[in-house]
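What follows is the residue order along each chain.
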Amino acid sequence: MTGHDVYLLAPEIALAGLAGLVVLLDLITRRKGLVGGVALLGLAAPLVFSLVLWGEVNQDGALPGVFGTLVVDKFALFFKLVVLAVVAVVILGSADYVSRFQRYQGEFYALVLFSATGMTLLAATTELITIYISLELTSLPLAALAAFLRDERSTEAGLKFLLLSALSSALLLYGMVLVYGYAGSTQLGDIARAVAQGGMPFGSPAVLAGGVLMAAGFGFKIAMFPFQMWVPDVYEGAPTPVTAYLSVASKAAGFAVLLRVFYVALAEVSLDWSALFAVLSVLSMTVGNLVAMGQSNVKRLLAYSTIAHAGYILVGLAAIAARTPDGSSGLGPSGVLFYLGAYAATNLAAFFAIIALTSKTGSDEIEGLAGMGKRAPVVSAVLAFALVSLIGIPPTAGFMGKLYLFNAAVHADMVWLAIVGVLNSVASAYYYLRVVRVLYVSSNDSQERVSTSVQVRLALALSGLGVLFLGLFPGPLLLVTEAAVKVLLPAA
Amino acid sequence: MISELQAWAILLLPLASFSLIALVIRPFLGSRSRLSGYVTILSIGVAFLFSLIALRSTLGHEDAIGWDFHPWLSINGVEVRIGILMDPLTAVMLVVVTGVSLLVQIYSQGYMRDDEGYTRYFAYMSLFTASMVGIVIARSIVQIYVFWELVGLSSYLLIGFWYHRPAAAAAAKKAFLVTRIGDVGFLLAILYLFLQRDTPAFQGRNPLEIPDILQAAGGAMTAFAATATALGIFAGAMGKSGQFPLHTWLPDAMEGPTPVSSLIHAATMVAAGVFLVARFFPLFEVSATAMTTVALVGGFTAIFAATMGLVMYDIKRVLAYSTISQLGYMMLAIGVGAPAVAIFHLFTHAFFKCLLFLGAGSVSHATGTFDLRFMGGLRKDMPWTYVTFLIAALSLAGVFPLAGFWSKDEVLLSAWRGEVTVHTLVFWMAFIAVFLTAFYVFRAVFMAFHGDFRGGAQAEHPREADSNGAGGVHPVHLAESPMVMLGTMLALAVLALGAGYVANPLGDLAGIPAHWLTSFLGQHEDLTFNLGIAGASTAVALAGIGLAALMYGARRPSPEAVGRVFGPVRTLLLNRYYLDALYEDVLVRRVFYRGVARLLDWFDREIIDRFVDGFGWLSRNTGKAIAPLQSGQVQVYGIVISLGLLAVLGAYLIFGR
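Once a new chain begins, its residue numbering starts again from 1 and follows that chain's sequence as written. As a convention, the first chain written is A and the first ligand written is 1, with the rest following in written order. Given that this is a predicted model, residues contribute local features only at a pLDDT of at least 70 and side-chain atom pairs are listed and counted only at 80 or more, while totals for whole chains, interfaces and linings are drawn from all residues.

Student: I'd like to hear about the overall build of chain B, residue by residue, with values.
Tutor: Helix and strand labels come from DSSP, where a helix needs a run of H or I of at least four residues and a strand needs a run of E of at least two; each type is numbered from the N terminus. Within chain B one finds 28 helices and two strands. Residues with at least 20 neighbouring C-beta atoms inside 10 Å of their own are called buried, those with 12 or fewer are called exposed, and the rest are partly exposed, where every C-beta is derived from the backbone. For chain B, with 657 residues in total, the buried portion stands at 52%. The contact criterion used is a C-beta to C-beta distance within 7 Å, with each C-beta placed from the backbone. Partitioning the intrachain contacts of chain B with sequence separation of at least 6 by distance along the chain shows that 79% fall at a separation of at least 24.

Student: Account for the overall build of chain A, naming residues and giving values.
Tutor: Looking only at helices and strands, one finds 20 helices and two strands in chain A. In chain A, which comprises 492 residues, the proportion classed as buried is 62%. By sequence separation, contacts in chain A at least 24 residues apart represent 79% of the contacts at least 6 residues apart.

Student: How would you summarise the packing of helix α4 (residues 74–98) of chain A against helix α20 (residues 475–484) of chain A if you had to cite specific residues and measurements?
Tutor: Residue and element names in this part refer to chain A. Running from N to C, α4 and α20 cross one another at 135°; their axes reach a closest spacing of 8 Å. On the basis of the axis angle, α4 is oblique to α20. Counting all contacts with α4, which are made through Lys-74, Phe-75 and Phe-78, the residues of α20 involved are Val-480, Thr-481, Ala-483 and Ala-484. Following the grouping adopted for this structure description, the nonpolar residues are Ala, Val, Leu, Ile, Met, Phe, Trp, Tyr, Cys and Pro, the charged ones are Asp, Glu, Lys and Arg, and the polar ones are all others, Gly among them. Here the residues of the contact of α4 with α20 are counted per class, giving five nonpolar, one polar and one charged. In this description, a line fitted to the C-alpha atoms serves as the axis of each element, helices being fitted only across the stretch in contact, and the angle between N-to-C directions of two axes falls anywhere from 0 to 180 degrees. Our angle categories are set so that under 35 degrees counts as roughly parallel, over 145 as roughly antiparallel, 65 to 115 as roughly perpendicular, and the remainder as oblique.

Student: Give a description of the nonpolar core that names residues and reports values.
Tutor: A set of buried residues qualifies as a nonpolar core if it consists of Ala, Val, Leu, Ile, Met, Phe, Trp, Tyr and Cys joined through C-beta atoms within 7 Å. Judged by nonpolar contacts, the single largest core of 213 residues is most densely connected at B:Val274, B:Val277, B:Leu332, B:Cys354, B:Leu355, B:Ala430 and B:Ala496. A per-element tally of this core places helix α19 (residues 421–449) of chain B first, with 19 residues. Setting aside its immediate chain neighbours within four residues, B:Ala430 contacts B:Gly299, B:Ala302, B:Tyr329, B:Leu332, B:Val411, B:Leu412 and B:Ala415. Core analysis: the next-biggest nonpolar cluster, separate from the first, contains 206 residues, A:Ala370, A:Ala384, A:Ala412 and A:Leu477 among them.

Student: Requested: an account of the interface of chain B and chain A, with residues and values cited.
Tutor: Listed per partner, the contact involves 24 residues of chain B and 26 residues of chain A. Among the secondary structure elements, those contributing two or more residues to the side of chain B that touches chain A are β1 (70–75), α27 (579–626) and α28 (634–655) of chain B. For the side of chain B that touches chain A, the residue count by class is 11 nonpolar, 11 polar and two charged.

Student: How would you summarise the environment of B:Ala47 if you had to cite specific residues and measurements?
Tutor: For B:Ala47, the location among the structural elements is in helix α2 (residues 35–58). B:Ala47 has contacts with B:Ala9, B:Ile10, B:Leu13, B:Pro14 and B:Thr98, leaving out every residue within four places of it along the chain.

Student: Lay out the environment of B:Thr528 with the relevant residues and their values.
Tutor: Residues and elements named next belong to chain B. Relative to the elements of secondary structure, Thr-528 occurs in the loop between α23 (516–520) and α24 (531–554). Judged by local crowding, Thr-528 falls into the exposed class, with 10 C-beta atoms found within 10 Å. For Thr-528 and Ser-414, which are 114 residues apart along the polypeptide, the C-alpha to C-alpha distance reads 10.0 Å.

Student: How would you explain the environment of B:Leu579 if you had to name every residue and give the values?
Tutor: All names here are of chain B. Tracing the sequence through the fold places Leu-579 in helix α27. The spatial distance from the C-alpha of Leu-579 to the C-alpha of Leu-246 is 10.0 Å, given a sequence separation of 333 residues. Setting aside anything within four residues of it in sequence, one finds Leu-579 in contact with Pro-245 and Thr-248.

Student: Describe helix α16 (residues 377–391) of chain A, naming the residues involved and giving the relevant values.
Tutor: Residue and element names in this part refer to chain A. Multiply 1.5 Å by the residue count of a helix minus one, and that product is the helix's expected span. If you check α16, its first and last C-alpha atoms are 21 Å apart, about what 15 residues at 1.5 Å a residue would give, namely 21 Å. Of all 15 residues that make up α16, 12 are buried, and the element is covered over most of its length. When α16 is considered as a whole, its buried residues turn out to be Val-379, Ser-380, Val-382, Leu-383, Ala-384, Phe-385, Ala-386, Leu-387, Val-388, Ser-389, Leu-390 and Ile-391. If you follow the buried residues of α16, they end up packed against α13 (298–318), α14 (331–361), α15 (372–375), α17 (397–411), α18 (415–440) and α19 (454–472). Where α16 terminates, the next one or two residues include Gly-392, which has phi positive at roughly 100°.

Student: Report on the confidence of the model for chain A, specifying residues and quantitative values.
Tutor: Interpretation of the predicted coordinates at a detailed level should be avoided for regions scoring low in pLDDT. Summarising the model, chain A shows a mean pLDDT of 87, and 95% of its residues fall at 70 or more. Confidence of the predictor at the level of single residues is captured by pLDDT, which takes values from 0 to 100. No element of chain A has a lower mean pLDDT than helix α8 (residues 188–198) of chain A, at 83, and none a higher one than helix α6 (residues 128–146) of chain A, at 93.

Student: Outline the confidence of the model for chain B, listing residues and values.
Tutor: Residue and element names in this part refer to chain B. On average, residues of chain B score 82 in pLDDT, and 93% of them are at 70 or above. Highest mean pLDDT in chain B belongs to helix α4 (residues 118–137) (90); lowest belongs to helix α21 (residues 462–467) (54). Taken as a whole, residues 465–472 scores under 50 in pLDDT and shows six contacts with residues more than four places along the chain or in a different chain.

Student: I'd like a description of the packing of helix α1 (residues 4–29) of chain B against α4(B), backed by residues and values.
Tutor: Residue and element names in this part refer to chain B. Their axes nearest at 8 Å, the elements α1 and α4 cross at an angle of 160°. Classified by the interaxial angle, the pair formed by α1 and α4 is roughly antiparallel. Seen from above, α1 lies across α4 with left-handed handedness. Within the contact between the two elements, α1 uses Ala-7, Ile-10, Leu-11, Pro-14, Leu-15, Ser-17, Phe-18, Ile-21, Ala-22, Ile-25 and Arg-26 and α4 uses Thr-119, Arg-120, Phe-122, Ala-123, Ser-126, Leu-127, Thr-129, Ala-130, Val-133, Gly-134 and Ile-137. Considered class by class, the residues forming the contact of α1 with α4 number 15 nonpolar, five polar and two charged. A crossing counts as left-handed when the near helix is turned anticlockwise from the far one by less than a right angle, and as right-handed when that turn is clockwise.

Student: Got a sec to walk through unusual backbone geometry? Specific residues and values, please.
Tutor: Across the junction of A:Pro394 and A:Pro395, the peptide omega takes the value 0°, indicating a cis bond. Structurally, A:Pro395 is set in the loop between α16 and α17. Each neighbour pair has its own omega, and for B:Phe244 with B:Pro245 the value is 5°, a cis peptide bond. Of note in this structure, A:Val66 is not a glycine but carries a positive phi near 50°. Considering the arrangement of structural elements, one finds A:Val66 in the loop between β1 (63–65) and β2 (70–72). With 20 C-beta atoms packed within 10 Å, A:Val66 lands in the buried category. Positioned with a positive phi, A:Phe67 is a non-glycine residue whose angle comes to about 60°. The exposure class assigned to A:Phe67 is exposed, which follows from the 12 C-beta atoms found within 10 Å.

This is the structure we're talking about:
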C-alpha cells in the first residue's frame, strides 16, 4: 500500500471510518438523534473525496492502484456517487423508523455504512478475489440489517438472506475458480486477453460454465430470474428502510460488477452473453409482473416489481452491441446506469412514502392505504408519482429510463426485446395503478391526518424531485453515464 | 437594447403570476382575494413595458436578434432546442398581446368584482396571456406547438369558467374539440418537417427551428414539401382563428365572461392563427396552392361570417361573427402576399374589437342581458359607454379617419393590386363584406342605444322575475359602469380613433416615417393610397350605416317587413347556414355516434375485451401457478436456484454451439 493507494481508497476509508465513529458515538451519547445526524453529515467526507477523484480522473483518465486490484475511473465513481446519494436519503428517511429501536441505533447506521463501503468497492474492483470480498462486505451487513427487528419475520428474512447469499457466493466462487483455471489470472484484463486468444466460440467449456456461474452469483444480487426467490420474503420481513436500501443500492452495485466483469473480462464472447441476458431479462420482467398482480401486501408487491425492473435493466446488458450515434459510447450500459439512477430515486420515493403512510396503520397491506389521498395528500401524491414512474409514464424518470433502454435494444437489432419490455410495462400498470386507486378512490373510516417528520419529508422531497428532474431534464445525467461507460468499451 | 433575460421575463412574468395565484394566493388567501388581480396586473404591466423595450430594440433591425438556442432534449442526434426569435413581427405582437391583456385585466377588476371565482379567473388569465406570449416569442416550431396547445387549454378553462352552466361547459368543449381538428393538421406539419431532416433541403439545418425552416423554404425545399407543410400549418391556424369551416366554436365561446371574449377576440387566441401564418409566410409564399387557399378561405370567411352577423340578436354573437369576418380579412391579406398588412389590421382590430366587447360587457352589466331585443335607449343612461361603443363601431365599419379605415383600406388595396383572378375575386368578397359589416354593427348600435328601453333581463325572463321578484335574474339598474371599466374603455377608444393613422401614416408625421409599421414588418413595396378604393369603401360603409339607421332607427322600412321579404334567407342565416346542425346532428350524432362509435364499441367489447379478459385470466392463473413455489422454504429456493443454473448451462450446451 502506497500513499497513492490510500488516496484512491479515500472514499471507502472515509465511509468505514464514519461507520466506526457512529458506533463509538452511540456508546457515549444519549441523544440518539445526534447519531443519525453525524452519520448523515459525515457522508460529506466520502462525497468530497469522490468528487476530488472525479476531477482528477476527468483530467488524467483512469487511475489503477492497490496492486492492480482496483481502478478509479468514471464508471466506479458514478456508482460511488449513486450509492452515497442513496445512503444519504436512506439515513434521512430512516430517522422516524429507527427511533423505534431504543438501542442499537448506532449499529443500524453503521451496518448501512459498512455495506455501502462494500458497494463502492465493488464498482471499482478489477480482480476476482477483490470482487468476492467486496461482495461479502456488502452482503453480511445487509443480512444483519434484514434481521434487525428481531421478530419472527425479520429474523427469518435475515436468515434466508444469509443462507441464500452464501449459496450464491458459493456459485460465484466456483465460477471464478473455473475462469481462473482457464485464464491463469484473476485480473479482469488478463482474463480478457486469454479469452481473446482462445479462438473457440466460448474459449472452452470452462469459460462458459464459469461465466454462467458468475452470472448466477451476481444475478442473486440484482434479483434476476431464476435467482430471485429470496426477494419477496426478505423484502417483506426486513425493516422497510432496509428494504428500500436493498432494492436500490444493492441492485446498483450488483449491476456495476456485472457490467464490469461481462464487458471487460468476458467481452470477446459478448454476443453469446447477449442472448443469455435477453432471455433472463424477458423471464425476469414477465415473472415479476405476473406474480406482482396477485399481491395484497405492498412490500411484496414492490419486491416483485423489483424483479421486473431487474428484467428491464437487463435489456441494457443484452443490447451490448448498441452504440451512441458518434460511436464513442455504449447505449446499452449507459442506459443501465441511467436507469439505475432513475430507479433509485423512484424506488426510494415509493418506499419512504409507504413508510410514512404505514407508520400509523402498522400494516403493510394495500387495503390499509385506503383514503390516504385525503389523510396525507402530499405523501400520497409522491407515492402516486413514484408508481407512475415505475410504470414508465412521462414526465418521470422511469419513462426516460425505459425510453433509453428500449432504444438501445432497437439499436442492437433486438426489436422483439423492446416490444416485450413495452408490453410488460403496460401490464405492470395494472397493479401499480391499483395502489393509486386505493389511495384516492377507496374510502376509510378514519379521517385522521397522517403526519410525517421533517427528515422524512426532506427524503421524500429529494427523491420525488429527483424523479421529476430526471423525467424533464435527462440530459445532464446522460452525459455523465455516457462518459462513465466509455471504460467498458474496447479501445477502438 | 433588450437583453435576453428581459425577453424571457415577458413570458415568465405572467407565468409566475399564474403559479403564484394558483399555488399561494388561492390556497392560502381564499378564492376571492383581491391580491390575485393586482399580481396579474402588475406582472402583465411589467411584461408590457418589456414588450415596448423589445419593440424599441427591433426598430431598425432587419433581422431577428440572434440569441442562442438552449438545448432541451437530444435523443440520438435529433435536437430539440428552445429560444427566442425576436424580430419586428414578434415585437409588434408582444405589444398588442400584453397591452390589450393589461387593459382587459384592469377592466376585469370591475367586471369580476363579485364573482366567486375571482382568483381562479386571474390565474387562468395569466396563463392565457403567458401562453400567447409563448407562441409569439418561440423560435422552434415545437415550442410554438407547446404554447399553442396551452392557449387551447386556457381558452377551454376560461370559456367554461362558469362551468356550472351547461351551455358554458358545452361551449368550452366545442372550442377545444373544433380547434383540435385544426391542430391535427399543425401537428402533422411538424411531424412532416421532422421526417424531412435528412433531405437536402435541411442539410446542416434543424427541421424544427423556424429560421432554418424559412431558409429551407427559400431554397432547396421541394414544392410538394412546402405546400404540404404550409397547408398543415394553415389548418392549425384555421382552427384557432375561426376560419370557415372551423369557425363554429367562436360564437359559442361567448359563454365565458365578457372580458375573456374580448381578450380571445382581440389579442390572444384568434390572433394566434394569423400570427402563425404570418410567421411562416416565406413557406407559404413559395407555394401558389397554399397562397390561393389562404386567400380564398380568408375572403370567403370574411363575407360568409358577415352575413350571419346581420341577423343575430345576441350582441356578443354579432361581435363574434364580426371577428370571424375580420380574421377573414387578415387571412386574405396574407393570401394576397401582404402579411404586414394583415398584422396591421390585427393591430387596429385588437383595439376596436376589444372595445366593442368591453362595451357589450358594460351594457350587460347594466341591463343583465346580451339580447339586443331587450335593450334600447341606453345612450341616455350610459353616455360614455355609448360614445366609446360608437367610436369602435365606426372604426370597425371602416369610416375615415378612424383606425379601422386605414388597415381595412390597405387590405383592400393589396387585394386590388394583384393581377390574378383569385385576387380580384377575394377583393370583391371583401368589398361586399365592408357593406355588411357597417350594417350589422350599426344595427347593434341602434338596437342597443337608440329608441326606448325594452326591459333588460326582467323582460327577457318574465316568468322568473314574476315568481321570485327579481331574485333569479340579474337586476336591471341603468347606470354607467364603474370607473375602472370606463377608464379602460376610454383608453381603448383613443386607440380605436387614432392608432391606425398614427401607427402607419401616409406621409411623414412628426417623426414617424410614412408606412413605417408595414415596412417595419417587412412590406417593402409601397401601397400607394388609392383614392378611388378609399372613397368607394367609405361610401359603401356609409351606405351600410345609413341602411341600418333607416331600418333600426327610423324603422322605415321596419326590420320585420324586410325580414318577411327575405324570409327563407333570414331563416338560413339565423340557423347559421345549418352548419352547426350539420356538424352536430349529422357528423357527430349520426356518423360518429351511431356509425363509428358503435362499430368501435362492438370491436372493443367483442374482440379487445375478450382478448384482454383472456390475457388477464392467463396472467392470474400463471401467477397462481407460480405462487406455490414461493413456499417460504429456503431449501426450495436453493433448489430452484440450482435448477435454474443447470437450465441455463444446459441451454448453452444444447443451443450454444
